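# Structural characterization, general
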Amino acid sequence: MSDALIVLIPSPLLGPFSWSLVGAKIRARGWRTIIPAGLRDPAPREPAWHQTTAGVLASLSEVPSDRSIVLIGHSNAGPLLPVIGRSVRQPIAAYLFVDARLPHGGKSRLEALDGGDPAVAAERRVALETGRPYPTWTDEDLADVIPDPERRRMLLAELHPRGPEYWTERLPQVPGWPNAPCAYLLLSSAYRSEAEDALRAGWPTRELRAGHFHQLVDPPAVADAVLGLLAECGIR
């Protein structure tokens with residue numbers, strides 16, 4: 001069994017089910033994994049990024065401080081990896097971004113989206129200004145990207161739409177990051193610019209031509225890609 005503990009962090013918009021099938025495949029190959037449940041406060045009294053970080057810290061409370069960990073973030077969890085890495089007691093072995101936004105400390109999520117996809121950012125602003133949180137996906141919306149109806153149902157049961165305070169809060173800047181190897185796994189075309197940035201930074205990068213929730217469509221393939229990227233980072 002590898003000494004490194006893999007921490008599979010869901011997007012703050014989702015729940016642990018989004019990583020559960022891949023986590024099971026990785027554990028079957030001799031690794032230990034944790035999937036933080038996160039903190040679900042419908043009227044948060046603290047920033048959402050702090051809630052996500054606190055959820056990860058809680059999941060690691062019984063993990064020895066000398067046990068190295070790998071932080072893996074999907075989607076909106078990506079920008080939070082630096083502040084999570086700064087906050088944990090355990091040493092970081094690597095960071096892995098899976099179809100995720102890259103860190104943009106000092107900017108809000110909307111500001112970062114402006115830089116990557118202004119059209120989507122504009123649509124998001126219109127929705128938020130009319131009082132609609134995001135996302136409000138339906139079963140029909142996800143039928144093409146998650147063909148299995150039970151897996152769609154379970155993902156949607158954990159969906160956590162967020163209002164303006166989530167999209168406009170500024171994320172912390174973390175000086176000295178990255179403090180460990182980084183890698184990127186691209187699943188969908190929506191995140192291609194992030195994967196290209198990762199390549200330019202010299203990070204190990206792989207692509208599965210699939211969809212944003214491919215970890216619920218083909219868990220073995222995603223597990224293979226994750227472990228392959230970790231091997232490229234020197235973690236076996």
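The residue count restarts for each chain, going from 1 along the sequence in the order it is written. Local features in this predicted model are restricted to residues of pLDDT 70 or higher, and side-chain atom pairs are both shown and tallied only at a pLDDT of 80 or more, whereas totals for entire chains, interfaces and linings draw on every residue. With hydrogens and water set aside, each side-chain value is computed from the structure's full complement of heavy atoms.

### A look at the state of the cysteines
In plain terms, two cysteine sulfur atoms within 2.5 Å form what is called a disulfide here. Under the defined criterion, the tally for this structure stands at zero disulfides. The thiol of Cys182 is unpaired, and the distance to the nearest cysteine sulfur, on Cys233, comes to 7.6 Å. We call a residue buried when its accessible area falls under 20% of the maximum for its residue type, exposed when it is over 50%, and partly exposed in between, using a 1.4 Å probe and counting protein chains only. On the basis of relative accessible area, Cys182 is assigned to the buried category, the value being 5%. Note on Cys233: relative accessible area 14%, which makes it buried.

### Remarks on helix H2 (residues 48-59)
Starting at the N terminus, helices and strands are each numbered in turn, a helix being any DSSP run of H or I of at least four residues and a strand any DSSP run of E of at least two. By this rule the span expected of a helix is its residue count minus one, scaled by 1.5 Å. Along its twelve residues, H2 runs 17 Å from first to last C-alpha, staying within 8% of the 16 Å computed at 1.5 Å per residue. Looking at H2, one finds that the buried residues are Ala48, Trp49, Gln51, Thr52, Thr53, Gly55 and Val56.

### Overview of the packing of helix H4 (residues 109-116) against helix H5 (residues 118-129)
Contact geometry of H4 with H5 gives a least axis separation of 6 Å together with a crossing angle of 145°. Touching Leu110, Leu113, Asp114 and Gly116 of H4 are Pro118, Val120, Ala121, Arg124, Arg125 and Leu128, all from H5. Comment: axis = line fitted to C-alpha atoms, over the contacting stretch for helices; angle = value between 0 and 180 degrees taken between N-to-C directions. Residues count as neighbours in contact if any of their non-hydrogen atoms are within 4.5 Å of one another.

### Describing helix H10 (residues 219-232)
Residues separated by three or four positions in an α-helix point in the same direction, a consequence of the helix having 3.6 residues per turn. Compared with an ideal rise of 1.5 Å per residue, which puts 14 residues at 20 Å, H10 spans 20 Å between its outermost C-alpha atoms and is within 8% of the ideal. By the burial criterion, the buried members of H10 are Pro219, Val222, Ala223, Ala225, Val226, Leu227, Gly228, Leu229, Leu230 and Ala231. Note on H10: the residue one or two positions beyond its end, Gly234, has a positive phi of about 90°.

### Here's the deal with the sheet that holds strand E3 (residues 69-74)
With parallel pairing, six strands are arranged side by side in an open sheet as E2-E1-E3-E4-E5-E6. Looking at which strands have only one partner, the edges of the open sheet turn out to be strand E2 (32-34) and strand E6 (205-207). Ignoring strand direction, the axes of neighbouring strands in this sheet form an average angle of 20°. Judged from the five bridges that link them, strand E1 (residues 5-9) and E3 form a sheet pairing that is parallel. Among the inter-strand pairings, Ile9 is bridged to a residue of E3, identified as Gly73. Against the sheet, helix H1 (residues 17-27) makes contact with E1, E2, E3 and strand E4 (92-98), and its axis sits at roughly 170° relative to E1, the strand it touches most. Each pair of strands is called paired provided DSSP finds at least two bridges between the two strands.

### Structural notes on the nonpolar core
Counting residues in hydrophobic clusters, the biggest one holds 31 residues, and the most contacted among them are Leu60 and Leu71. Of all the secondary-structure elements, those providing two or more residues to this core are E1, H2, E3, helix H3 (81-87), E4, strand E5 (182-186) and helix H9 (192-200). Not counting residues within four places of it along the chain, the set of residues in contact with Leu71 comprises Val7, Ile9, Leu81, Ile84, Gly85, Ile92, Ala94, Tyr95 and Leu96. Counting 25 residues, the second-largest nonpolar core is a separate cluster that includes Ile6, Ala93, Leu185 and Val222. In these notes, a set of buried Ala, Val, Leu, Ile, Met, Phe, Trp, Tyr and Cys residues joined through side-chain atoms within 4.5 Å is what counts as a nonpolar core.

### A few points about the pairing of E3
Most of E3 sits out of view: six of its six residues are buried. On E3, burial covers both faces: Ile69, Leu71 and Gly73 on one face and Val70, Ile72 and His74 on the other are all buried. Alignment of E3 against E4, held across six bridges, turns out to be parallel. When the bridges of E4 are listed, Gly73 appears paired with Phe97.

### A closer look at the side chain of Ser18
Secondary-structure assignment places Ser18 in helix H1. What makes Ser18 buried here is its relative accessible area of 1%. A distance of 2.8 Å separates the side chain of Ser18 from the backbone oxygen of Gly15, its partner in a polar contact. Contacts of Ser18, omitting those with residues within four sequence positions, involve Pro10, Leu155, Glu158, Gln215 and Leu216. Any pair of nitrogen or oxygen atoms within 3.5 Å is treated as a polar contact; in protein, a donor-acceptor pairing is required on top of that, and neighbouring residues in sequence qualify only through side-chain atoms on both sides.

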